[in-house]
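# Residue-level structural notes
Each chain, written out:
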Amino acid sequence: MRPGETRKLTVLAMLSAAAVVCNILESVYIGPLFLNMRIGIANIASLIALVLYGKKGLCTVNIIRVITAPALQGTLFGTAFWISLAGVSLSTLTVLLLDPQKHSLLFLSICGAMTHSLGQVLAVALLYRQAAMAASLPYYILLSIVTGLLTGTAASLAVKHLKPVLRRY
Amino acid sequence: MRTFLQKKELIMIALTVVVCAVWILVLRRPKHNVTVQIVHGQEVVREFHPDEDALYHIEGDCGGLDVEVKGGRWHVINEQCPNHICAHTGWASPEDMIVITCMPNDIVIQVSEYTYETR
Ligand SMILES: [Zn+2]
């Protein structure tokens, strides 16, 4: 294993752990802002992984957190798990399809947040056979723009401070 | 990777905001003959008209909850769930068409039928 690889593995492991902790903290202590909408502070870790290690970094952190967080809370394979999985999968897919080279971090973050909500609303609509769920979609999308801006800004600030530290090792 | 939004991206986001705003305005038009249904699992356990004030107790997977209907709006109270997301959702009305969900109880409360006011 090359030295760079070890560092990458360590940083991704730490980011995944941070994402899992954020996920649990948010579901226990912060709670939803409006309807079932959360800020999604775990996305900050995913975005940092995207900036530092590209699409593979983003996928690693998202796959680990979407399974580990509910496993630790004992909600794995419950209704809430499938809804969260739908949100994370759709938002990861969207960011993968968009070219990180062409787009800005804030744009990717907003698109990710919007498709995250879309995925969750679709999952609820399918699980409960409730087409009426679509009525909440415009509210969720508008709020996602705000939360996407918040997490995107937080991630870019974190990366700014992380990069010089990582260069030293 | 760039951090801040470029002009094109800003325009796309602005367009999304406009579409959502129009969508919300269309949804908020006054409605008539509104029926709200309470679903537990896959089964409709109760239907009500929001213009009749009432209190319904609904059995769920997690101890159930009460739905209070008052002045044309409805909300969840006395919920027996660990996260209380259903109660935090607050009041729902025919205008906002908000769907109240209680995942732990497997209960969904939503507008099922309505007609728009015609002039
Ligand atoms: Zn509840």
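Residues numbered from 1 in each chain as written. Chains lettered and ligands numbered in written order. Predicted model: local features only at pLDDT ≥ 70, side-chain atom pairs only at ≥ 80, totals over all residues. Heavy atoms only, no water.

## Here's the deal with the interface of chain B and chain A
You'll often see interface size given as the accessible area lost when the parts meet. Stated formally: Any pair of residues with heavy atoms lying within 4.5 Å of one another is described as a contacting pair. Think of a salt bridge as a Lys or Arg side-chain nitrogen and an Asp or Glu carboxyl oxygen that are within 4 Å of each other. For this analysis, a polar contact is any N or O atom pair within 3.5 Å, provided that within protein one partner can donate a hydrogen and the other can accept it, and provided that sequence-adjacent residues contribute only side-chain to side-chain pairs. Numbering of helices and strands runs from the N terminus; a helix is a DSSP stretch of H or I covering at least four residues, while a strand is a stretch of E covering at least two. Lys, Arg, Asp and Glu make up the charged group, whereas Ala, Val, Leu, Ile, Met, Phe, Trp, Tyr, Cys and Pro make up the nonpolar group; the residues left over, Gly among them, are polar.
Contact with chain B, which involves 32 residues of that partner, is made by 37 residues of chain A. Where chain B touches chain A, the interface holds zero salt bridges. The tally of links between chain B and chain A comes to seven residue pairs in polar contact (both at pLDDT 80 or more). Those elements that provide at least two residues to the side of chain B that touches chain A are helix 1 (7–27), strand 1 (31–40) and strand 7 (107–116) of chain B. When its residues are assigned to classes, the side of chain B that touches chain A shows 18 nonpolar, nine polar and five charged.

## Quick notes on the coordination of the zinc ion
Residue and element names in this part refer to chain B. Defined as follows: Excluding water, the donors of a metal are its N, O and S neighbours within 2.8 Å, or within 3.2 Å for Na, K and Ca, and that exclusion means sites may look incomplete.
For the zinc ion, the full set of protein donor atoms is Cys81 (SG), Cys86 (SG) and Cys102 (SG), at a range of 2.2 Å. Mapping the donors of the zinc ion onto the primary sequence yields the spacing C-x4-C-x15-C. Taken together, the positions of Cys81 in the loop between strand 5 (73–77) and helix 2 (85–88) and Cys102 in strand 6 (residues 100–102) put the pair 21 residues apart, joining distant regions of the chain.

## Some remarks on a nonpolar patch on the surface
Residue and element names in this part refer to chain A. The condition is simple: Each patch is built from residues lacking any salt bridge and having more than 30% relative accessible area; the joining distance is 9 Å for like charges and 5 Å for nonpolar side chains (Val, Leu, Ile, Met, Phe, Trp, Tyr). Shrake-Rupley sampling with a 1.4 Å probe provides the accessible areas, and residues are treated as covered by the protein chains on show and by no other component. Residue exposure (1.4 Å probe, protein chains only): buried if accessible area is under 20% of the type maximum, exposed if over 50%, otherwise partly exposed.
Where nonpolar side chains cluster on the molecular surface, the patch consists of Ile63, Ile67, Leu76, Phe77, Trp82 and Leu127 and spans about 560 Å² of accessible area. Relative to the helices and strands, Leu76 is located in the loop between helix 2 (42–73) and helix 3 (79–97). Classification of Leu76 by relative accessible area gives partly exposed; the value is 31%.

## A short note on the packing of aromatic side chains
Our working rule: Ring pairs are drawn from Phe, Tyr and Trp, using the six-membered ring of Trp, whenever the two centres fall within 6.5 Å, and their geometry is named by plane angle: stacked under 30 degrees, edge-to-face over 60, tilted for the rest. In this scheme, the term charge over a ring applies when either NZ of a lysine or CZ of an arginine sits within 6 Å of the ring centre and within 35 degrees of the ring normal.
Counted according to the given criterion, the structure contains six aromatic pairs over all chains. Arranged with centres 5.3 Å apart and planes meeting at 75°, the rings of Phe77 of chain A and Phe81 of chain A form a pair that is edge-to-face. Phe81 of chain A sits in the buried class, given a relative accessible area of 5%. Aromatic side chains Tyr114 of chain B and Tyr116 of chain B sit 5.4 Å apart centroid to centroid with 75° between the ring planes, which places their arrangement in the edge-to-face category. A network of ring pairs unites the aromatic residues Phe77, Phe81 and Trp82 of chain A as a single cluster. Taking the ring centre of Tyr114 of chain B as reference, the NZ or CZ of Lys31 of chain B above it sits at 5.8 Å.

## A short note on the packing of helix 3 of chain A against helix 4 (residues 105–127) of chain A
All names here are of chain A. As a reminder, the rule being used: A fitted line through C-alpha atoms serves as each axis, taken over the contacting stretch for helices, and the angle formed by two N-to-C directions is quoted from 0 to 180°. Throughout, a crossing is termed right-handed when the near helix is turned clockwise from the far one, and left-handed when it is turned anticlockwise from it by less than a right angle.
Contact geometry for helix 3 and helix 4: axes closest at 7 Å, N-to-C directions at 145°. In the crossing of helix 3 with helix 4, the sense of the turn from one axis to the other is right-handed. Listed contacts from helix 4 to Thr79, Trp82, Ile83, Ser84, Ala86, Gly87, Val88, Leu90, Ser91, Thr94 and Val95 of helix 3 are Leu108, Cys111, Gly112, Thr115, His116, Leu118, Gly119, Gln120, Ala123, Val124 and Leu127. Classifying every residue of the contact of helix 3 with helix 4 gives twelve nonpolar, ten polar and no charged.

## With respect to empty space enclosed by the protein
Residue and element names in this part refer to chain A. Defined as follows: Detection works on a 1 Å grid of protein atoms alone, calling trapped sets that fit a 1.4 Å probe cavities and calling open sets with protein on both sides within 12 Å along at least five of seven lines pockets, with lining residues defined by an atom within 4 Å of a point. Grid points are joined across faces, edges and corners, and a volume is the space filled by probe spheres set on the points.
According to the stated counting rule, one finds one cavity of 30 Å³ or more in the structure shown. One number sums up the size of the largest cavity: a volume of about 140 Å³. Every residue lining the largest cavity is counted, 16 residues in all, and those nearest its centre are Asn43, Leu47, Ser91, Val95 and Gly112. Counting residues per element, the ones that place at least two in the lining of the largest cavity are helix 2, helix 3, helix 4 and helix 5 (137–168). When residues of the lining of the largest cavity are assigned to their parent elements, the largest contribution, six residues, is made by helix 2. Per-class residue counts for the lining of the largest cavity are five nonpolar, ten polar and one charged.

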